[in-house]
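A closer look at the structure
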Amino acid sequence: MRREGSAFAGLGVVTLKELSDHMTGMRMIVMEWLVVLLALGVVYTGIQQIRQVSAEDPFLFLRLFTRAGEGLPSFVSVLSFLVPLVAIGIGFDLVSSERSQRTLSRILSQPIYRDALLFGKYLGGLITIIIMLVALWLLVIGLGILTLGLPPGPEEVARALAMLVVTIVYAGVWLGLALLFSIVFRSPATAAFVALGLWLFFTVLWPLLAPYAAAPFVSETVQTPGDLLTQISVLQAFARVSPGSLFGEIVGVLLDPTVRSTQQPLLASLGLVLLQPGSIPGAPLPLVQSLLVVWPQIVAMIAGAILLFVIGYVTFQRQEVRA
Amino acid sequence: MSEETVIEAAGLTKTYGEAVAVDHISFKVGRGEIFGLLGPNGAGKTTTILMLLGLTEISSGEVRVLGHNPAREPLSVKRVVGYLPDTVGFYDHLTAADNLHYTARLIGFTKDVREKKIAEALDRVGLAEQAEKRVGTFSRGMRQRLGLAEILMKGAQIAILDEPTTGLDPHATSELLGIIRAFKSEGVSVLLSSHMLERVQSVCDRVALFSGGKIALMGTVPELGRQVLGGGYVVDIEADGAGLADRLALIPGVSGVERTGIGKLRLHSDRDVRPEAAAEVVAMQGRLKYLGVQEASLEAIYTRYFESMAQERSGVKDGERHAA
Ligand SMILES: Nc1ncnc2c1ncn2[C@@H]1O[C@H](COP(=O)(O)OP(=O)(O)OP(=O)(O)O)[C@@H](O)[C@H]1O
Ligand SMILES: [Mg+2]
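So, here's what we can say about the structure. (Residues numbered from 1 in each chain as written. Chains lettered and ligands numbered in written order. Predicted model: local features only at pLDDT ≥ 70, side-chain atom pairs only at ≥ 80, totals over all residues. Heavy atoms only, no water.)

Looking now at the overall build of chain B. Counting its regular elements, chain B contains 12 helices and 13 strands. The principal-axis extents of the C-alpha atoms in chain B amount to approximately 75 × 50 × 40 Å. When the 324 residues of chain B are sorted by exposure, 48% land in the buried category. A separation threshold of at least 6 residues defines the contact pool for chain B, and within that pool the share at least 24 residues apart is 68%. On chain B, the mean spot of the 38 positive side-chain charges and the mean spot of the 42 negative ones are 3 Å from each other. (Helix = DSSP H or I, 4+ residues; strand = E, 2+ residues; numbered from the N terminus. Buried < 20%, exposed > 50% of the residue type's maximum accessible area, 1.4 Å probe, protein only. Contact = heavy atoms within 4.5 Å. Lys, Arg positive; Asp, Glu negative; His and termini not counted. Charge placed at Lys NZ, Arg CZ, Asp CG, Glu CD.)

The structure is reproduced here in structure tokens:
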């Protein structure tokens, strides 16, 4: 059955309203300060390290994102940890708050479709996160220029931008999840609790559990390099269930031009070097090549975000308006 | 008032799994008419309203709202219908005006139109002073009025109000009913559900009495009175004059005379006997202080109807004892 009019009538209005709610809300201000202070803190300690160690590094600027002081997480680790938290903080009550404030039926009795309301809420939340991430990104670059005393090269800027985009997609996955929970659970407390539980599971527990989960699927005996690569692939496949691991894998490749395969860091931890025909180990890859290496992972993450949104969308369409 | 129909429902049905919330109901609402939905909790009033608005799926049956099908053309319907939900909510952190601005943008009004309409609407419901206050500070009655302001601003041709008077004090209720009457005078049709029977009676042109998802009775209040309470009339009279009661009892059609106070009499009759009663008093050279016929009250109709339903039901169960 064809529906009359555009599904997106009112989309812009909803998006702007959501955006202004987030930007002026106390919750977002607190989260922004938390993220900015933590992230800048680790970048600052990272800079001290970089200055001591690697003065002749050709990709010095990218180290800003991946290095940190002794015992501290890097900037990307902080992002991988905090971005889900911000997305959950924004999304866990997006729809349930309309129900608890009893505004849902009144708003849906205006000439708009539910599509516009839901998509507008998602977009408003995502744009809020984008603004925060872009500001943070600029701050880090600025801090780098000031302290290292040199501007980043075009290649470095391009890679840093690619990282920014991937971080936004990563945020989109968690926002989609939070939005879904705000639809499924009528109580915002339940939604927040379940979302945070999942976040803890994926960031803390899953990295520890994944090898055990993968154990039945890997062969015990490793005889050839091929066996080893297969084993690593299986382990990775399980680790990738966690969006955080996927994110780490992607930015690990994007921010380090010498990484030629997502398996390289794992091999390196075993003291091995991956040799590919016609390539010199340690020689930097062009950005396009790096992107190709993690393209499937990027696509998977985008697909994940879309899938979560679609599940939420379908659930919302079928729900009754009244409580 | 023209005879034009603005809402037309035929065989409208809503089922939740096995449960039937609304069961093949049919009704029409004309332009400028105030139509009341009455009935006990869970009778299906809200469900009916949601189906009219296209906010819940229709299981079977047909609805036309100003010629549009709410399931196929929800936007056309929602453009001309204003809705006040049973518990209306606004964004507490926004001001009254900002809340309406948001709705007005969703409707698609331009900025100038918005400013003008919102100021007018808030003024009409008496919230002009509070326009810049946050809705979080509003009382229930103020929220209710803000909800009506939204419908006014929208310029709706049909206003659907779900229990608009619940939780309001008598003064706020009268004010609200005043606004509802104003809707009517502007040719806006009003469909309202309520439990406050006396109040509903005072504004509604016609009512539908819901019971278990069906419309049990429908019509004007006097019509329902005749159906439920029988054809009897009750005429109250206050006059002095010795032996008046005996003379009134002789009027054809009067079945009984009752003394209700000093100089007060109540006549039970099968027709309106006010003219004859007045003539008798005058003939006796008495002084007539009051003469009135009791309107059938919705309260009485409602109570009597559901009592008789309950009796019928228990009568089915143990007919023996009741018959004895
Ligand atoms: N989502 C739902 N799932 C199952 N049954 C429902 C649902 N919503 C409503 N009902 C049932 O539909 C019936 C009609 O409910 P409705 O809210 O329309 O009644 P109402 O006349 O508005 O009552 P009230 O005066 O209490 O507002 C009730 O029996 C209710 O239990
Ligand atoms: Mg109801």
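The next thing to look at is the overall build of chain A. The helix and strand inventory of chain A stands at 13 helices and 0 strands. Reading the secondary structure of chain A in the N-to-C direction produces α-α-α-α-α-α-α-α-α-α-α-α-α. On C-alpha atoms alone, chain A measures out to a radius of gyration of 22 Å, which is about the 20 Å that the 2.2 N^0.38 rule sets for 323 residues. Structurally, chain A occupies a C-alpha span of about 65 × 50 × 35 Å along its principal axes. Of the charged side chains in chain A, 18 are positive and 17 negative, and the gap between their average positions amounts to 12 Å. (Rg over C-alpha atoms; globule rule 2.2 N^0.38 Å.)

Axes are the key here: two packed helices are described by the angle between their axes and the distance separating the axes. Following both chains from N to C, one finds helix α1 (residues 11–24) of chain A and helix α3 (residues 96–107) of chain B inclined at 155 degrees, their axes separated by 8 Å at the closest point. Judged by the angle between their axes, α1 of chain A and α3 of chain B are roughly antiparallel. The hand of the α1 of chain A/α3 of chain B crossing is right-handed. Facing Val-13, Val-14 and Lys-17 of chain A of α1 of chain A, the residues of α3 of chain B in contact are Tyr-102, Arg-105 and Leu-106 of chain B. Residue classes in the contact of α1 of chain A with α3 of chain B are distributed as 4 nonpolar, no polar and 2 charged. (Axes fitted to C-alpha atoms, helices over the stretch in contact; angles between N-to-C directions. Parallel < 35°, antiparallel > 145°, perpendicular 65-115°, else oblique. Left-handed = near helix turned anticlockwise from the far one by under 90°. Nonpolar A, V, L, I, M, F, W, Y, C, P; charged D, E, K, R; others polar.)

So, on to the environment of Arg-206 of chain B. All names here are of chain B. Here Arg-206 is to be found in strand β8 (residues 206–211). Excluding anything up to four places from it in sequence, Arg-206 contacts Lys-28, Val-29, Glu-33, Ile-34, Phe-35, Gly-36, Met-218, Gly-219 and Thr-220. A polar atom in the side chain of Arg-206 sits 2.6 Å from the side chain of Glu-33. (Polar contact = N/O pair within 3.5 Å; in protein donor to acceptor, adjacent residues only side chain to side chain.)

Residue and element names in this part refer to chain B. Spatial strand order, β5-β6-β7-β3-β8-β9: 6 strands in an open sheet with mixed pairing. In the strand order of this sheet, the two ends are held by β5 (81–84) and β9 (214–219), each with one partner. Between one strand and the next, the sheet's axes are offset by a mean angle of 15 degrees, whatever the strand orientation. Here strand β6 (residues 158–162) runs beside strand β7 (residues 189–193); their pairing, made up of 5 bridges, is parallel. Opposite Leu-161, over in β7, you have Leu-192 as the bridge partner. (Pairing = 2+ DSSP bridges.)

With that out of the way, let us pick up the packing of aromatic side chains. This model, assessed by the stated rule, comprises 14 aromatic pairs over all chains. Measuring from ring centre to ring centre gives 6.5 Å for Trp-174 of chain A and Phe-202 of chain A, while their planes differ by 75 degrees; the resulting arrangement is edge-to-face. Placement of the pair is Trp-174 of chain A in helix α8 (residues 154–184) and Phe-202 of chain A in helix α9 (residues 188–214), with a sequence separation of 28 residues. The two residues Trp-174 of chain A and Phe-202 of chain A agree in class, both being buried. Arranged with centres 5.4 Å apart and planes meeting at 10 degrees, the rings of Phe-27 of chain B and Phe-35 of chain B form a pair that is stacked. Just as Phe-27 of chain B is buried, Phe-35 of chain B falls in that class too. Put simply, the rings of Phe-8, Phe-119, Tyr-122 and Phe-309 of chain A pair up and form one aromatic cluster. In this arrangement the basic side chain of Arg-114 of chain A is found over the ring face of Phe-316 of chain A, its NZ or CZ atom lying 5.7 Å from the centre. (Phe/Tyr/Trp six-rings, centres within 6.5 Å; stacked < 30°, edge-to-face > 60°. Lys NZ or Arg CZ within 6 Å of the ring centre and 35° of its normal.)

What follows concerns the interface of chain B and chain A. Between chain B and chain A, the residue contacts involve 34 residues of the former and 27 residues of the latter. For the pairing of chain B and chain A, the buried interface totals around 2,800 Å² over both sides, and the portion due to carbon and sulfur atoms is 56%. Interface area lost by chain B to chain A is led by Leu-75, Tyr-91 and Leu-106 of chain B, which between them contribute 25%. Linking chain B to chain A there are 2 salt bridges. A salt bridge links Arg-106 of chain A to Glu-150 of chain B, with the nearest nitrogen and oxygen atoms 2.4 Å apart. At the surface where chain B touches chain A, the tally comes to 16 residue pairs in polar contact (both at pLDDT 80 or more). Elements with a contribution of two residues or more to the side of chain B that touches chain A: β1 (5–16), α1 (45–52), α2 (74–80), β5, α3 and α5 (140–154) of chain B. Ranked by residues supplied to the side of chain B that touches chain A, first place goes to α3 of chain B with 6 residues. (Buried area = accessible area lost by both parts, 1.4 Å probe. Salt bridge = Lys/Arg side-chain N within 4 Å of Asp/Glu carboxyl O.)

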